[in-house]
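The chain contents come next:
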Amino acid sequence: MHVLVTGGAGYIGSHVVKQLIEDSNHSVTILDNLSTGHNETVESLKKMFNNHKTTSREFNFIKADLADFSNIDKIFSENDFDALIHFAASIVVPESVENPLKYYMNNTVNTTNVINQCVKHNVGKMIFSSTAAVYGDAKESPVRETTPTAPINPYGWTKLMSEQVIKDTCAAHEGFDAVILRYFNVAGADTLNRIGQSFPNATHLIKVAAQTAIGQRNKMSLFGEDYETKDGTCERDYIHVDDLASAHLRALEYLDKNDKISPNIFNVGYGHGFSVAEVINTMKEVSGVNFKVEKVPRRAGDPAILISDNSKAKEILQWTPAFDDIKLICKTALDWEKTVS
Ligand SMILES: NC(=O)c1ccc[n+]([C@@H]2O[C@H](COP(=O)([O-])OP(=O)(O)OC[C@H]3O[C@@H](n4cnc5c(N)ncnc54)[C@H](O)[C@@H]3O)[C@@H](O)[C@H]2O)c1
């Protein structure tokens, strides 16, 4: 297959491209505007591809913005894509509250256009990056794919609206099929430290803890110690980025083997969680640094617990996680932070 990966120069997309290069025979084209993705990441992926090169496959990078509809149409006309894995999006929740239109335009409008291009140019398979944020402040734990969706910020809404566009398109167009993956808390980096999360202003807990451990920040905040959880701090389902990536490869196989799945939605997490305090302590342990943590009041919009029920992905996609180890997640995040700092 020839797989188009939008956002492949970013954090999660690059780990999926790595696995497409190393663990499949597919050709890959990355399309990215490098707004938060990096040219260095593309160069690292190119190197990996050259080590796994065969005459029957290709690796291409196209610098383009999904908002440029006529250029996207041209790119789809000039290439023969078989599948789309769509990562490109804006992902910072507080920014989505301050500037919702940026998020609706980049996430929902540009996603709708790229789906339109798929239908127009007969690209029949799509994998979409959705998020546990679609569940909002879920009333049950663990959350199942059937748990009611109720986003509590514009970012979550942009993703849920995109899911709806995908569902309606699958229903109306026989030749178009999709898998929607709802990611939980993605963290860690390539275990060989070749790629990782390079966006300096990321708000993710493990990234921030790693930045604090290496002295890039002089302290970090712990938001709220009065939740109804095991130690009063929020609990989340942290998944290593390479396990999340392998779910995409399984989803691609699933789309390839099955005719009409219309679309199918899967939670991708480990099905158990750690508290914020536990994660901070693990980062202190693996780094050997007792960095400063400032205890501050709760942040608006943080649910107490968000843990996945991942049984559907395990059963139907035959997805088997291999890195379910919070120390390894923290250690790989820390090693990468040292590399990019
Ligand atoms: N990181 C997480 O914890 C997390 C959790 C749930 C869902 N997701 C979803 O996973 C996907 C990837 O997230 P990430 O963490 O890798 O983010 P990222 O910012 O590292 O990657 C996004 C990539 O998309 C590119 N991009 C953005 N807008 C574009 C546009 N208009 N045209 C072309 N390229 C564009 C960026 O340059 C970047 O390379 C996103 O859709 C995000 O919503 C991420």
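Refer to the structure above for everything that follows.
The text that follows walks through the structure, step by step, so that each part is easy to find. Because the structure is predicted, anything quoted here is derived from the model rather than measured.

**Re the sheet that holds strand 14 (residues 305-306)**
Here three strands make up an open sheet; going across it, the order is 12-9-14 and the pairing mixed. Unpaired on one side and paired on the other, strand 12 (274-275) and strand 14 mark the two borders of the sheet. The pairing of strand 9 (residues 235-236) with strand 14 spans two bridges and is classified as parallel. Bridge assignment links R236 to a residue of strand 14, and that residue is L306.

**Regarding the packing of aromatic side chains**
Between two aromatic rings, the relevant description is the distance of the centres plus the angle of the planes. What the rule picks out here adds up to four aromatic pairs. Above the plane of the ring of Y227 lies R298, whose end atom (NZ or CZ) is 4.0 Å from the centre. Note that K312 overlies the ring of F266, its terminal NZ or CZ placed 4.9 Å from the centroid.

**Focus on the site of the ligand**
Residues in contact with the ligand amount to 29 residues; listed here are only the nearest, D32, T36, F87, Y155 and K159. One of the backbone nitrogen or oxygen atoms of F87 is found 2.7 Å away from an oxygen atom of the ligand. Relative to its unbound accessible area of 830 Å², the ligand is 96% covered by the protein chains. Of all elements in the fold, only helix 1 (11-23), helix 5 (100-120), strand 5 (125-131) and helix 6 (154-172) reach the threshold of two or more residues within the shell around the ligand. Considering every element that reaches the shell around the ligand, the biggest residue donor is strand 5, with three residues. A breakdown of the residues in the shell around the ligand according to their chemical character gives 14 nonpolar, twelve polar and three charged.

**A look at the packing of helix 1 against helix 2 (residues 39-51)**
Contact geometry of helix 1 with helix 2 gives a least axis separation of 9 Å together with a crossing angle of 10 degrees. When the axes of helix 1 and helix 2 are compared, the pair comes out roughly parallel. Where helix 1 abuts helix 2, its residues S14, V17, K18, I21 and E22 lie against T41, L45, M48 and F49. Here the residues of the contact of helix 1 with helix 2 are counted per class, giving five nonpolar, two polar and two charged.

**A short note on the side chain of D32**
Its location among the elements puts D32 in strand 2 (residues 27-32). Here A9 takes part through its backbone nitrogen, which lies 3.1 Å from a polar atom of the side chain of D32. Leaving out residues up to four positions away in the same chain, D32 has contacts with G7, G8, A9, G10, G37, F61, I62, K63 and A64.

**A short note on the pairing of strand 2**
Among the six residues that make up strand 2, six are buried, leaving the element largely enclosed by the rest of the structure. Along strand 2, one buried face is formed by S27, T29 and L31 and the opposite face, lined by V28, I30 and D32, is buried too. Pairing of strand 1 (residues 2-6) with strand 2 involves five bridges; the strand directions are parallel. Counted as the bridge partner of T6 is L31 from strand 2. With respect to chirality, the unit in which strand 1 leads through helix 1 into the neighbouring parallel strand 2 is right-handed. Bridging between strand 2 and strand 3 (residues 59-63) involves five bridges; their strand directions are parallel.

**Here's the deal with unusual backbone geometry**
Residue P142 follows S141 across a cis peptide bond; omega there is 0 degrees. For P142, the location among the structural elements is in the loop between strand 5 and helix 6. Even without being glycine, L34 reaches a positive phi, approximately 60 degrees. Topologically, L34 is positioned in the loop between strand 2 and helix 2. You can call L34 partly exposed: its relative accessible area is 22%. The backbone of Q318 sits at a positive phi, close to 55 degrees, despite the residue not being glycine. Mapped onto the secondary structure, Q318 falls in the loop between helix 10 (311-316) and helix 11 (326-340).

Criteria and thresholds
Residues numbered from 1 in each chain as written. Predicted model: local features only at pLDDT ≥ 70, side-chain atom pairs only at ≥ 80, totals over all residues. Heavy atoms only, no water. Pairing = 2+ DSSP bridges. Helix = DSSP H or I, 4+ residues; strand = E, 2+ residues; numbered from the N terminus. Phe/Tyr/Trp six-rings, centres within 6.5 Å; stacked < 30°, edge-to-face > 60°. Lys NZ or Arg CZ within 6 Å of the ring centre and 35° of its normal. Near = heavy atom within 4 Å. Polar contact = N/O pair within 3.5 Å; in protein donor to acceptor, adjacent residues only side chain to side chain. Areas by Shrake-Rupley, 256 points an atom, 1.4 Å probe, with all protein chains shown as cover. Nonpolar A, V, L, I, M, F, W, Y, C, P; charged D, E, K, R; others polar. Axes fitted to C-alpha atoms, helices over the stretch in contact; angles between N-to-C directions. Parallel < 35°, antiparallel > 145°, perpendicular 65-115°, else oblique. Contact = heavy atoms within 4.5 Å. Buried < 20%, exposed > 50% of the residue type's maximum accessible area, 1.4 Å probe, protein only. Right-handed = clockwise from strand over helix to strand, strands pointing away.

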